[in-house]
Amino acid sequence: MSIFRTHSVACPACATPIDFELVVSVSADRRPDLRDEILAGTFQREPCPSCGVPFRVEPQFTYIDIARGQYIGVWPKADRAQWQERAAQTRANFDDGMGVRATPEAQRVGAGLAVRTVFGWPALVEKLLAREAGIDDRTLEVAKLAAMRGVEEAPLPGPFEMRLAAVDDEALHFAWIGSRPEAPEVWRVPRTLIAEIEAEPEAWQAAREAVAEGDVVDFQRELLAA
Ligand SMILES: [Zn+2]
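Structural notes, computed from the coordinates.

What counts, and where the lines are drawn
- Numbers given to residues run from 1 along each chain, matching the order in which its sequence is written.
- With the structure being a predicted model, the display of local features is reserved for residues of pLDDT at least 70 and the display and counting of side-chain atom pairs for 80 or more, all residues being used for whole-chain, interface and lining totals.
- Any nonpolar core is a set of buried residues, restricted to Ala, Val, Leu, Ile, Met, Phe, Trp, Tyr and Cys, that join up through C-beta atoms within 7 Å.
- Neighbour counting defines burial: a residue surrounded by 20 or more other C-beta atoms within 10 Å of its own C-beta is buried, one with 12 or fewer is exposed, and intermediate counts give partly exposed, using backbone-placed C-beta atoms.
- The contact criterion used here is simple: two residues whose C-beta atoms, placed from the backbone, lie within 7 Å are in contact.
- Pairing between two strands is assigned when DSSP locates at least 2 bridges connecting them.
- Counting from the N terminus, the helices are the DSSP runs of H or I reaching at least four residues and the strands are the DSSP runs of E reaching at least two.
- Axis definition: a line fitted to C-alpha atoms, limited for helices to the stretch in contact. Angles are taken between N-to-C directions and run from 0 to 180 degrees.
- Note on angle classes: values under 35 degrees are labelled roughly parallel, values over 145 roughly antiparallel, values of 65 to 115 roughly perpendicular, and the remainder oblique.
- For this scheme, ten residues count as nonpolar: Ala, Val, Leu, Ile, Met, Phe, Trp, Tyr, Cys and Pro. Four count as charged, namely Asp, Glu, Lys and Arg, and the remainder, Gly too, count as polar.

The next subject is the nonpolar core. With 39 residues, the main nonpolar core has Val26, Tyr63, Ile72, Val74, Val118, Leu124 and Ala143 as its most contacted residues. Excluding anything up to four places from it in sequence, Val74 contacts Pro59, Gln60, Phe61, Tyr63, Val118 and Leu124.

Put into structure tokens, the structure is as follows:
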């Protein structure tokens, strides 16, 4: 079920308190429109009724898509330093509702879901895009490392966040997201890189293990938390 709760949020531009319908959980199976809004970057983005400036709240909700096999704990990017604790909370919520502490029926549904924990909207969008494109998220993280290796002046993750922003038949489009104006452009990486990595599992095994820890599959998890 998709659940919203009204909270008072201060407009970042004019500080007027606004009653905002904050999302608590999204069921993409029943509300595909919410998934579309997440992908479009419009979900939980509203103009302030007082000053008109649009603003977006940081995410903190559970995203469930049974058809696509995704259970994602989505946390604000400010929580990155607590990524291990947040991942444990997400896992505990999953265990209560669809895992080891759930009813047998719920467990059967839960068995088909990959549990992940992400921080911030771009990291959630990335997981949805990768699943839609049939790309394993560990392979995607390894592909980022491989893509950076080939570039002499690669931007450093930390000040910038490297996220999959689009996929087409030819290419993976990675955005470097940052608040500074000199944010680098979108990188276009041939999609064949995914197949190349998967064709050499032994060569990439160590990298595949390093990009993930538990349910947090993100090579930047420590870099962005710093
Ligand atoms: Zn305002």
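Next up on the list: the sheet that holds strand S5 (residues 61-65). One open sheet holds the 5 strands; their spatial order is S1-S2-S5-S6-S7, and the pairing between them is mixed. The outermost strands of the open sheet, each flanked by one partner alone, are strand S1 (3-10) and strand S7 (114-119). For this sheet, the mean angle separating the axes of adjacent strands, direction not counted, is 25 degrees. Bridging between strand S2 (residues 17-27) and S5 involves 3 bridges; their strand directions are parallel. Bridge pairing links Val26 to Tyr63 in S5.

What follows covers the packing of helix H5 (residues 137-149) against helix H7 (residues 201-210). Interhelical geometry of H5 versus H7 gives an angle of 100 degrees and a closest axis separation of 9 Å. Classed by the angle they form, the pair H5 and H7 counts as roughly perpendicular. Contacts between H5 and H7 pair Arg138, Val142 and Leu145 from the former with Trp204, Ala207 and Arg208 from the latter. Of the residues belonging to the contact of H5 with H7, the class tally is 4 nonpolar, no polar and 2 charged.

With respect to the secondary-structure elements, Ala226 resides in the segment after helix H8 (221-225). Ala226 gets classed as exposed once you count the C-beta atoms within 10 Å, which come to 9. Between the C-alpha atom of Ala226 and that of Gln70, which follows or precedes it by 156 residues, the distance is 28 Å.

What follows covers the packing of H5 against helix H6 (residues 192-199). In contact at an axis separation of 10 Å, H5 and H6 are set at 105 degrees when each is read in the N-to-C sense. One way to sum up the angle between H5 and H6 is to call them roughly perpendicular. Contacts between H5 and H6 involve Thr139, Val142, Ala143, Ala146 and Ala147 on the former and, on the latter, Leu193, Ile194, Ile197 and Glu198. Considered class by class, the residues forming the contact of H5 with H6 number 7 nonpolar, 1 polar and 1 charged.

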